[in-house]
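Residues per chain are reported as follows:
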Amino acid sequence: MQTTDQELIARNIEVHDKVARKYDTHHGEIFNPIEQERLAASLSSALDAVTTGNKPLKALDFGCGSGNLSRHLLALGCDVVAADVSKHFLELVSGRFPADRLSTLLMNGADLSNVEDDSFDIVATYSVLHHVPDYLGAVREMARVCRPGGVVYLDHEQNEGYWAGNDPVYGRFKSEVEKFDWKKFLKPSNYVHKVRRIFDPKHTNEGDIHVWPDDHIEWPKIKAIMEERGFDAVIEEDYLLFREIYRPEVFLNYVGRCTDMRVMAFRKRP
Ligand SMILES: C[S@@+](CC[C@H](N)C(=O)[O-])C[C@H]1O[C@@H](n2cnc3c(N)ncnc32)[C@H](O)[C@@H]1O
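The text that follows walks through the structure, step by step, so that each part is easy to find. (Residues numbered from 1 in each chain as written. Predicted model: local features only at pLDDT ≥ 70, side-chain atom pairs only at ≥ 80, totals over all residues.)

**Things to note about the sheet that holds strand β1 (residues 58-62)**
Ordered by their spatial adjacency, seven strands build an open sheet running β3-β2-β1-β4-β5-β7-β6, and the pairing between neighbours is mixed. Each end of this open sheet is capped by a strand with a single partner; those strands are β3 (102-106) and β6 (231-239). The sheet shows a mean angle of 15 degrees between the axes of neighbouring strands, direction not considered. Two elements, β1 and strand β2 (residues 79-84), share five bridges in a ladder whose sense is parallel. When the sheet's bridge partners are listed, Ala59 is paired in β2 with Val80. Set on the sheet, helix α5 (residues 87-96) makes contact with β2 and β3; between it and β3 the angle comes to about 175 degrees. The strands that helix α6 (residues 135-145) touches are β1, β4 (120-126), β5 (146-158) and β6; relative to β5, the one it contacts most, it runs at about 150 degrees. (Pairing = 2+ DSSP bridges. Helix = DSSP H or I, 4+ residues; strand = E, 2+ residues; numbered from the N terminus. Axes fitted to C-alpha atoms, helices over the stretch in contact; angles between N-to-C directions. Contact = placed C-beta atoms within 7 Å.)

**Here's the deal with the site of the ligand**
The local shell around the ligand holds 20 residues, among which His16, Gly63, Gly65, Asn68 and Gly109 are the closest. Mapped onto the shell around the ligand, the elements with two or more residues apiece are α1 (5-19) and α4 (68-75). When residues of the shell around the ligand are assigned to their parent elements, the largest contribution, three residues, is made by α1. For the shell around the ligand, the per-class residue count stands at ten nonpolar, nine polar and one charged. (Near = placed C-beta within 6 Å. Nonpolar A, V, L, I, M, F, W, Y, C, P; charged D, E, K, R; others polar.)

**Looking at the packing of α6 against helix α10 (residues 219-228)**
With their axes 10 Å apart at the nearest point, α6 and α10 run at an angle of 30 degrees to one another. Of the possible angle classes, the one that applies to α6 and α10 is roughly parallel. Considering the relative orientation of α6 and α10, their crossing is right-handed. Of the residues in α10, those touching α6 at Leu136, Val139, Arg140 and Ala143 are Lys221, Ile222, Ile225 and Met226. Considered class by class, the residues forming the contact of α6 with α10 number six nonpolar, no polar and two charged. (Parallel < 35°, antiparallel > 145°, perpendicular 65-115°, else oblique. Left-handed = near helix turned anticlockwise from the far one by under 90°.)

**Re the environment of Asp48**
With respect to the helices and strands, Asp48 occurs in helix α3 (residues 33-48). In this structure Asp48 comes out as exposed when scored by C-beta crowding, with 12 C-beta atoms within 10 Å. In sequence terms Asp48 and Val151 are 103 residues apart; their C-alpha atoms lie 9.7 Å from each other. (Buried ≥ 20, exposed ≤ 12 C-beta atoms within 10 Å, placed from the backbone.)

These values are about where atoms sit, not about what they do.
Structure below.
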């Protein structure tokens, strides 16, 4: 039996509700100083490209999680609507940030039907599209709610080169960069997940849905949608993601020589 989009969304909500409180400590690939510095600089460039003239800029953090992007957008002077499918994440975010600058929005996981056209100066998402069954539909919705002169910012999704899997430099990087972590051998849950993956190759340690080589995020399709809807690319950058399990000296040796992630930002023509 085929799993429907509704079932996939419901599973993601359940899993994200469960992990909300522990999310930051479990995601060292996001909450590390190197990645946080890259993200801050990238978001700042995206905000520089906004030409709506509004002050403060109104931002939508699409799939806000525990508030990673919201924190950066607030620090950069925006007022923020933090949106997610998980009520537990929204409760967490409401308690973390000042209510006069941040409000929350519960999403249905499929569209932004409760949001009017042209509502935001910046619509930003980070590490979310690969959880959304109809991620191209999500991109269309982000384009719709972005004002003319505003920017749609899409970050932390693997690039085409990563999925092609044939860059020998990246292969060498991966074989050299990971620290040896003996603690992972002591975690019974790692063995349980390994066994579950034998029966379901798409099982993840957290149990949520992700994209895989056969159904991954396709950047050329995203670009085509944005162009069709009257947007121009203002940022198009491949980068190498720093994960907390990496040795910094090895990582730095490979920066600029190979990449695995892409960030893109598009501005809506006035
Ligand atoms: C990996 S987390 C990223 C969270 C946050 N953006 C960050 O930077 O840490 C993925 C987020 O996507 C949300 N999500 C899952 N399915 C979604 C859907 N169908 N539509 C919108 N958000 C979804 C999850 O609840 C979770 O907050």
